[in-house]
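Coordinates in review
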Amino acid sequence: MTQFDAVDIIRAKRDGAKLSREQIDWTINAYTTGVMGDEQMAALAMAIFLNGMDREEISQWTGAIIDSGERMDFGSLGKPTADKHSTGGVGDKITLPLAPLVAVYGVAVPQLSGRGLGHTGGTLDKLEAIPGWRADLSNDEIMTQLGEGCGAVICAAGAGLAPADKKLYALRDVTATVDCIPLIASSIMSKKIAEGTDSLVLDVKVGSGAFMKNLEQARELARTMVDLGTDAGVKTTALLTDMSTPLGRKVGNGLEVEESVEVLAGGGPSDVVELTLELARVMLAAAGQPDADVDRALKDGRAMDVWRAMIREQGGDPDAPMPVAKHTHEIVAEASGTVSKLDALAVGVASWRLGSGRPTKNEPVQAAAGIELFAKPGDTVRKGDVLMRFHTDDEYRIERALEALAGGVEIGGQYTPRESVVLDRVD
């Protein structure tokens, strides 16, 4: 490999130059192996944050991150594979009903997921509320579950997939370079491409509770990721979906598992059902089944059967009750009228402060912490009605959660109904 000097590469990007493939390959390798220090990569990440990267640079940066580790190969399964990735939101439990629903149709769903950090919940944290359920599986276990088992797996990505990204993400998190489109896109897509799925559907969240606050930013991120997937031979589609208000009526870990089971039982909130069905249609179309009747599979119990098998195959008890919090606190309406605002970020931060999220990567989360929402935008309430209920194991957390909600709920203001949770599509 050609040798470079880290300072020269930092200077080049600082001054707006385009980095060559050789410079990028050397940089990612040098950082992964410790030749390039954290302070130098922090400077380069900030230079990228300020000056950006073009499509070729982002593609090469993503490829170098993939090459830092192993690639999975599902070719031996003998059936198509499809995956979904969400950029993170509040009450976003869609993966839980979606993976078993798609697997009903003989499509393998290798859903390698993550944990929450900040106000957005993590899929693995939710599922770990189920007694006995295991997030960490070997590659052989993943292949067996996808092939001979239920056909769907939700688990942690192995340490061998894109190790450069794991190191770089931790650095970005403490250097204010997380919300940078080239770095977000390459982080997400390096793991998904290395995972080896045939097709990928991206759920790019838009609004207060998302990384992308407006449609223009979200379209740019979606376009960048779709291009990366296409360049790597993965059939990739993105849906832009609304995250101005939380998804569903339960936010937290065990609470979101409960709501997911309601959806799999043919019920559940309309927005969660709508998005689950829409993502399933896109995933199945990419896997060669555009006419699959996903609505029926959700209502007739087939998706629930796969869910129960998936939980059992990973050591969990699908019949176990969810943990119950030691303390609850109810927030009531101070006036009568129509709820006009329920801010996703405010609810997400409040839930996080109740214990559903972690302030640092290594801290545990509370399985029972979170928020139940009894009124959402468009609902009519009377003074004294319960708007939401807090759940936490630590009573002292309630006061700070209430502070997070300040200004996040409005009754009687202007309300415009949304036609759909799906705002746009990028192919």
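Notes on the structure in this doc start here. (Residues numbered from 1 in each chain as written. Predicted model: local features only at pLDDT ≥ 70, side-chain atom pairs only at ≥ 80, totals over all residues. Heavy atoms only, no water.)

What to know about the nonpolar core
Of all hydrophobic cores here, the largest spans 70 residues; its most connected members are W307 and F390. Ranked by the residues each element gives to this core, the list is headed by helix α12 (residues 270-286), at nine residues. Each of two domains, domain 2 (82-158 + 192-314) and domain 3 (327-411), supplies a minimum of three residues to this core. Setting aside residues up to four positions removed in sequence, W307 forms contacts with L96, P100, L127, I130, V257, V261 and L264. (Core = buried A, V, L, I, M, F, W, Y, C linked by side-chain atoms within 4.5 Å. Buried < 20%, exposed > 50% of the residue type's maximum accessible area, 1.4 Å probe, protein only. Helix = DSSP H or I, 4+ residues; strand = E, 2+ residues; numbered from the N terminus. Domains from an automatic or database assignment. Contact = heavy atoms within 4.5 Å.)

Comments concerning the pattern of salt bridges
Inspection of every chain in the model, using the stated rule, returns 33 salt bridges. A salt bridge links K18 to E56, with the nearest nitrogen and oxygen atoms 2.5 Å apart. Separated by 38 residues along the polypeptide, K18 in the loop between α1 (6-14) and α2 (21-33) and E56 in helix α4 (residues 55-66) bring together distant segments of the chain. A relative accessible area of 44% places E56 in the partly exposed class. One network of salt bridges, in which partners are shared, links R55, R223, D227 and D231. (Salt bridge = Lys/Arg side-chain N within 4 Å of Asp/Glu carboxyl O.)

Quick notes on the pairing of strand β9 (residues 370-373)
Of the two faces of β9, both are covered, the one formed by G370 and E372 as well as the one formed by I371 and L373. As paired elements, strand β6 (residues 250-252) and β9 share three bridges and run antiparallel to each other. Residue pairing for β9: G252 is matched across the bridge by G370. The pairing of β9 with strand β11 (residues 386-392) spans four bridges and is antiparallel. For I371, the partnering residue across the bridge sits in β11 and is F390. (Pairing = 2+ DSSP bridges.)

Considerations on the sheet that holds strand β7 (residues 327-332)
Consider a sheet: its strands pair through backbone hydrogen bonds, and that pairing is either parallel or antiparallel. Spatially, β6-β9-β11-β7 is the arrangement adopted by the four strands of the open sheet, whose pairing is antiparallel. Each of the sheet's edge strands pairs with one partner strand only, and the pair in question is β6 and β7. Between one strand and the next, the sheet's axes are offset by a mean angle of 15°, whatever the strand orientation. Contacts from helix α11 (residues 254-264) reach β6, β9 and β11, with the element oriented near 140° to β6. The strands touched by helix α16 (residues 397-404) are β7 and β11; relative to β11, the strand with the most contacts, the crossing angle is about 140°. (Axes fitted to C-alpha atoms, helices over the stretch in contact; angles between N-to-C directions.)

Some words on unusual backbone geometry
Positioned with a positive phi, A162 is a non-glycine residue whose angle comes to about 45°. In the Ramachandran plot, A176 falls in the positive-phi region, its phi being about 60° despite a non-glycine side chain. Note that A176 resides in the loop between α8 (163-173) and α9 (181-195).

Some details on the state of the cysteines
Under the definition given, this model contains zero disulfides. C155 takes part in no disulfide bond, and the closest cysteine sulfur, belonging to C150, lies 11 Å away. (Disulfide = S-S within 2.5 Å.)

Digging into the environment of M189
Along the chain, M189 turns up in helix α9. Here the alpha-carbon distance between M189 and H85, two residues 104 residues apart in the chain, equals 9.4 Å. In this structure M189 touches T62, L200, L202, M225, L228, G229 and T236, once residues within four positions along its chain are discounted.

Nothing here speaks to function; it is all geometry.
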